[in-house]
2 protein chains.
Amino acid sequence: MNAAPIGVFDSGIGGLTVVHALRARLPGESIIYVGDTARVPWGPKSPDTVRRYAGEIAGWLVGQGVKVVVVACNTATAHALPHLRESLRLPVIGVVEPGARAAVREDHDGHIGVIGTAGTIASGAYERAIRALAPAVTITARACPLFVPLVEEGWLDGEVTRLVATRYLQPLRDDHVDVVVLGCTHYPLLKPVLRGILGVGVALIDSAEETAAETARVLRASGIEAPPGGRGELRCAVTDAPDAFLRQAVRFLGEPLERVETIAVG
Amino acid sequence: MNAAPIGVFDSGIGGLTVVHALRARLPGESIIYVGDTARVPWGPKSPDTVRRYAGEIAGWLVGQGVKVVVVACNTATAHALPHLRESLRLPVIGVVEPGARAAVREDHDGHIGVIGTAGTIASGAYERAIRALAPAVTITARACPLFVPLVEEGWLDGEVTRLVATRYLQPLRDDHVDVVVLGCTHYPLLKPVLRGILGVGVALIDSAEETAAETARVLRASGIEAPPGGRGELRCAVTDAPDAFLRQAVRFLGEPLERVETIAVG
């Protein structure tokens, strides 16, 4: 047993979908979340820069006494996970491996699609993780750079979003994928539009839910779960002014957020 | 006379439209350009954070011996211009005043539209600058957060961009503006789409061109123009890896760019 909080971070607000999944699955765990909103987004930035930013934010979380770090950002997982696992003296969970495992589990005919930011797709992290489990599958990967701005603008459906998604998903439809990994923590908010274009026969893998399941396994395996019976607290911090984050948080978190603090990192 | 370079900076790549205009108007001037690509975009970030980033980048330029600093970014001009003018010991030119002056000059029936990033529009900088010159005009301002991602994705026309622009520009059409200020250095690349929606009767103010004209005036007034007859050099630096910047630069600059260096700032 260990009552210390779980540390979760993302480049911005998207990682709150992981927090939402964690709170649903592990209601007794306290969570400290950091969004690096002063430097968001990380998706288009270089591996070195993302590694530096992720290291700084994770270091701050460790300084707060967290018992485990969840990298709730696909780009940071793709670029920085090995580096964080080497440098931190506690379990570090990324979003890529759980998503890849779920994709292979749900796939029936050997065609898997992956969508994400430019950085995540260029890194090839999902391809590597999927091929390590299922070397023979065909993978169709596509960067969808406009999805994050569309979600942050609040345009979760409507003609524009449908047109953009139709264009981005065409290569996946051409290759008849039967599973699509939502390789960005913003994308679960687009599920209805994506399902409308891909059809109900295609499984959508929500890496937020898979990562929460993986976190539960790691806590159990390490014997560091929170004492039973309590209700975990949620503390949120950002690196820029909190207004926009506070306004948008409920959409990602599924519950209202009363307070966000600003911290100086980097 | 002064052969020292002009310093120009932006949060990313958009400021190259200002460099393009400067090189067309002042071919003898050398230019050092910095894009803060490790922290781009500045548009959605808080005034304090933008002020800090702009101060760091401008400080680097001053260290390189520039004779004047051009803030080729509407968000930075809106939030940081007075601060930069106080702290730097050389002329500092922003993009807002020249754009506001041109808008008032082109306006005939007292209805001016302004479009820009969330930060620029929320700052009210254009409204203040326009009202200082023409207190009685009606101003319709609209943030267009998807325009920058659309330009960076290279979707400069087509159905999606037309739909997004139609939605954003509706309030300006409802108010029958006869002038629209393109209050973001990315927006000149969308001119054909914007003109198609607004009609040829609406004047589009390109703040890049107006800022180049203002820079020429300041150099002349201060007697610090480059010696005549030479051909100015262009040096470009970014704060993240240069690949994506190099690939996209020609679209904004109108000439190919052979080399971009990476600098450590912030």
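Here the structure is a predicted model, which means the values were calculated and not measured. (Residues numbered from 1 in each chain as written. Chains lettered and ligands numbered in written order. Predicted model: local features only at pLDDT ≥ 70, side-chain atom pairs only at ≥ 80, totals over all residues. Heavy atoms only, no water.)

Quick notes on the sheet that holds strand 2 (residues 31–35) of chain A
Residue and element names in this part refer to chain A. To keep it simple, the criterion reads: The criterion for strand pairing is that DSSP finds at least two bridges linking the strands in question. Helix and strand definitions here come from DSSP, where helices need a minimum of 4 consecutive H or I residues and strands a minimum of 2 consecutive E residues; each element is numbered from the N-terminal end. In what follows, a contact means two residues having at least one pair of non-hydrogen atoms within 4.5 Å. Axis definition: a line fit to C-alpha positions, over the contact stretch in the case of helices; interaxial angles, taken between N-to-C directions, run 0 to 180 degrees.
Taken together, six strands build an open sheet; the order of strands is 4-3-1-2-9-10 and the sheet is parallel. At either margin of the open sheet sits one strand with a lone partner, and together these are strand 4 (92–93) and strand 10 (261–262). Pairing geometry for strand 3 (residues 68–71) and strand 4, over two bridges, is parallel. Each bridged residue has a counterpart across the sheet, and for Val69 the counterpart in strand 4 is Val92. Contacts from helix 2 (residues 47–63) reach strand 1 (6–10), strand 2, strand 3 and strand 9 (234–238) within the one sheet, and its direction differs from that of strand 1 by about 155°.

Topic: the interface of chain A and chain B
Quick note on the threshold: Buried area counts how much accessible surface, traced with a 1.4 Å probe, disappears from two parts once they are put together, with both parts' losses summed. Salt bridges are defined by distance alone: a side-chain nitrogen of Lys or Arg within 4 Å of a carboxyl oxygen of Asp or Glu. Nonpolar residues are Ala, Val, Leu, Ile, Met, Phe, Trp, Tyr, Cys and Pro. Charged residues are Asp, Glu, Lys and Arg, and all others, Gly as well, are polar.
The partner chain B presents 23 residues to the 23 residues of chain A that form the contact. With both chains or domains summed, chain A and chain B bury close to 2,100 Å², and 60% of this area falls on carbon and sulfur atoms. Contact with chain B buries area across many residues of chain A, yet Leu146(A), Trp155(A) and Asp240(A) alone supply 24% of it, more than any other trio. Applying the counting criterion to the chain A and chain B interface returns zero salt bridges. Secondary structure elements with two or more residues in the side of chain A that touches chain B: helix 2, helix 7 (147–152) and helix 8 (159–174) of chain A. Broken down by element, the residue count for the side of chain A that touches chain B peaks at six residues, all from helix 8 of chain A. Classifying every residue of the side of chain A that touches chain B by side-chain character gives 14 nonpolar, three polar and six charged.

Let's talk about the pattern of salt bridges
Close approach of charged atoms allows side chains of opposite charge to pair. Residue and element names in this part refer to chain A. Our working rule: Think of it in three bands: with a 1.4 Å probe and only protein chains considered, a residue is buried below 20% of the maximum accessible area for its type, exposed above 50%, and partly exposed in between.
Taken as a whole, this structure holds 28 salt bridges over all chains when the rule is applied. A salt bridge links Glu210 to Arg105, with the shortest nitrogen-to-oxygen separation between them at 3.5 Å. Separated by 105 residues along the polypeptide, Glu210 in helix 10 (residues 207–222) and Arg105 in helix 4 (residues 96–106) bring together distant segments of the chain. By relative accessible area, which is 16% here, Glu210 ends up buried.

Description of the packing of aromatic side chains
Rules: Stacked, edge-to-face and tilted are the three classes for Phe, Tyr and Trp ring pairs, Trp counted by its six-membered ring, which pair at centre distances within 6.5 Å; planes under 30 degrees apart are stacked, over 60 edge-to-face, the rest tilted.
Inspection of the entire model under this criterion finds 12 aromatic pairs over all chains. A network of ring pairs unites the aromatic residues Phe147(A), Tyr168(A), Tyr187(A) and Trp155(B) as a single cluster.

Details of the domain arrangement of chain A
When the parts of a complex come together, some accessible area is lost, and that lost area is often taken as the interface size. Residue and element names in this part refer to chain A. The following threshold applies: Here the bounds of each domain stem from an automatic or database domain assignment.
Partitioning chain A into domains gives domain 1 (6–95 + 209–262) and domain 2 (97–207). Across the contact, 25 residues belong to domain 1 and 26 residues belong to domain 2. For domain 1, the biggest contributors to the area lost against domain 2 are Asn74, Glu210 and Arg251; these three give 31% of the whole. The interface formed by domain 1 and domain 2 includes four salt bridges.

Thoughts on helix 10 (residues 207–222) of chain B
All names here are of chain B. For the record, the criterion: For a helix, the expected span equals 1.5 Å multiplied by the number of residues minus one. Distance and chemistry together define a polar contact, namely a pair of N or O atoms within 3.5 Å, with one atom able to donate a hydrogen and the other to accept it when in protein, and with adjacent residues in sequence counting only for side-chain atoms on both sides.
Between its first and last C-alpha atoms helix 10 spans 22 Å; for 16 residues at 1.5 Å apiece the expected length is 22 Å, and the two agree. All buried positions along helix 10 are accounted for by Ser207, Ala208, Glu210, Thr211, Ala212, Ala213, Glu214, Thr215, Ala216, Val218 and Leu219. Between a side-chain oxygen at the N-terminus of helix 10 and the backbone nitrogen of Ala208 the separation is 2.9 Å; the capping residue is Asp206. Note on helix 10: the residue one or two positions beyond its end, Gly223, has a positive phi of about 65°.

Examining the sheet that holds strand 5 (residues 111–116) of chain A
All names here are of chain A. Strands sit in the order 6-5-7-8 across an open sheet of four strands; the sheet is parallel. On the outer flanks of this sheet lie strand 6 (138–143) and strand 8 (203–206), each paired with one strand and no other. Looking at each pair of strands side by side, their axes are set apart by 20° on average, direction ignored. Across five bridges, strand 5 lies against strand 7 (residues 179–183) in parallel orientation. Along strand 7, the bridge assignment pairs Ile112 with Val179. Docked against the sheet, helix 8 engages strand 5, strand 6 and strand 7, running at close to 170° with respect to strand 6. Sitting on the sheet, helix 9 (residues 191–198) touches strand 5, strand 7 and strand 8, and the angle it makes with strand 8 is about 155°.

A word on the pairing of strand 8 (residues 203–206) of chain B
Residues and elements named next belong to chain B. The test is simple: With its strands directed away from the observer, a crossover is right-handed exactly when the path from the first strand over the helix to the second travels clockwise.
Across four bridges, strand 7 (residues 179–183) lies against strand 8 in parallel orientation. Looking at strand 8, one finds that Leu182 is bridged to Asp206. Considered for its hand, the β-α-β crossover made up of strand 7, helix 9 (residues 191–198) and strand 8 is right-handed.

Some remarks on the environment of Pro47(B)
All names here are of chain B. Relative to the elements of secondary structure, Pro47 occurs in helix 2 (residues 47–63). Of the residues examined, Pro47 reaches a relative accessible area of 36% and is grouped as partly exposed. Along the backbone, Pro47 and Glu261 are 214 residues apart, and their C-alpha atoms lie at a distance of 28 Å.

Side note on the nonpolar core
Quick reminder of the rule: Take the buried Ala, Val, Leu, Ile, Met, Phe, Trp, Tyr and Cys residues and link them wherever side-chain atoms come within 4.5 Å; each set so joined is a nonpolar core.
In terms of nonpolar packing, the biggest core is built from 114 residues, with Leu16(A), Ile115(A), Phe147(A), Leu16(B), Ile115(B) and Phe147(B) touching the most fellow members. The contacts of Leu16(B), once residues within four sequence positions are left out, are Tyr33(B), Cys236(B), Phe245(B), Ala249(B), Phe252(B) and Leu253(B).

Section: the side chain of Glu29(B)
Residue and element names in this part refer to chain B. Its place among the elements puts Glu29 in the loop between helix 1 (16–25) and strand 2 (31–35). Separated by 2.8 Å, the side chain of Glu29 and the backbone nitrogen of Ala226 make a polar contact. Filtering out sequence-adjacent residues up to four positions away, Glu29 remains in contact with Ala4, Ile6, Lys67, Leu219, Glu225, Ala226, Gly232 and Glu233.

Thoughts on the relation of the copies chain A and chain B
For clarity, the cut-off: Residues below a pLDDT of 70 in either copy are left out; the C-alpha atoms of the rest, at least 70 in both, set the least-squares superposition of the copies.
For these two chains of identical sequence, chain A goes onto chain B by a turn of 180° and a shift of 0.0 Å along the axis, with RMSD 0.0 Å. Such values leave the two copies arranged in the relation of a two-fold axis. Minimal C-alpha separation from the rotation axis in chain A is found for Arg39(A), amounting to 2.4 Å.

Remarks on the environment of Ala241(B)
Considering the arrangement of structural elements, one finds Ala241(B) in the loop between strand 9 (234–238) and helix 11 (243–253). Its relative accessible area of 33% is what places Ala241(B) among the partly exposed residues. Sequence separation between Ala241(B) and Thr262(B) is 21 residues, and the spatial gap between their C-alpha atoms is 6.3 Å. In contact with Ala241(B), not counting residues within four places along its chain, are Ser46(A) and Thr262(B).

Focus on the packing of helix 2 of chain A against helix 3 (residues 74–87) of chain A
All names here are of chain A. Test applied: Roughly parallel means an angle under 35 degrees; roughly antiparallel means over 145; roughly perpendicular covers 65 to 115; every other angle is labelled oblique. By definition, any crossing whose near helix is turned counterclockwise from its far helix by less than a right angle is left-handed, and any crossing with a clockwise turn is right-handed.
Put simply, helix 2 and helix 3 touch, their axes get as near as 9 Å, and they point 65° apart. By the angle between their axes, helix 2 is roughly perpendicular relative to helix 3. Two packed elements cross with a definite hand, and for helix 2 against helix 3 that hand is right-handed. Residues Pro47, Val50, Arg51, Ala54, Gly55 and Ala58 of helix 2 touch helix 3, and the partners they reach there are Thr75, Ala76, His79, Ala80, His83 and Leu84.

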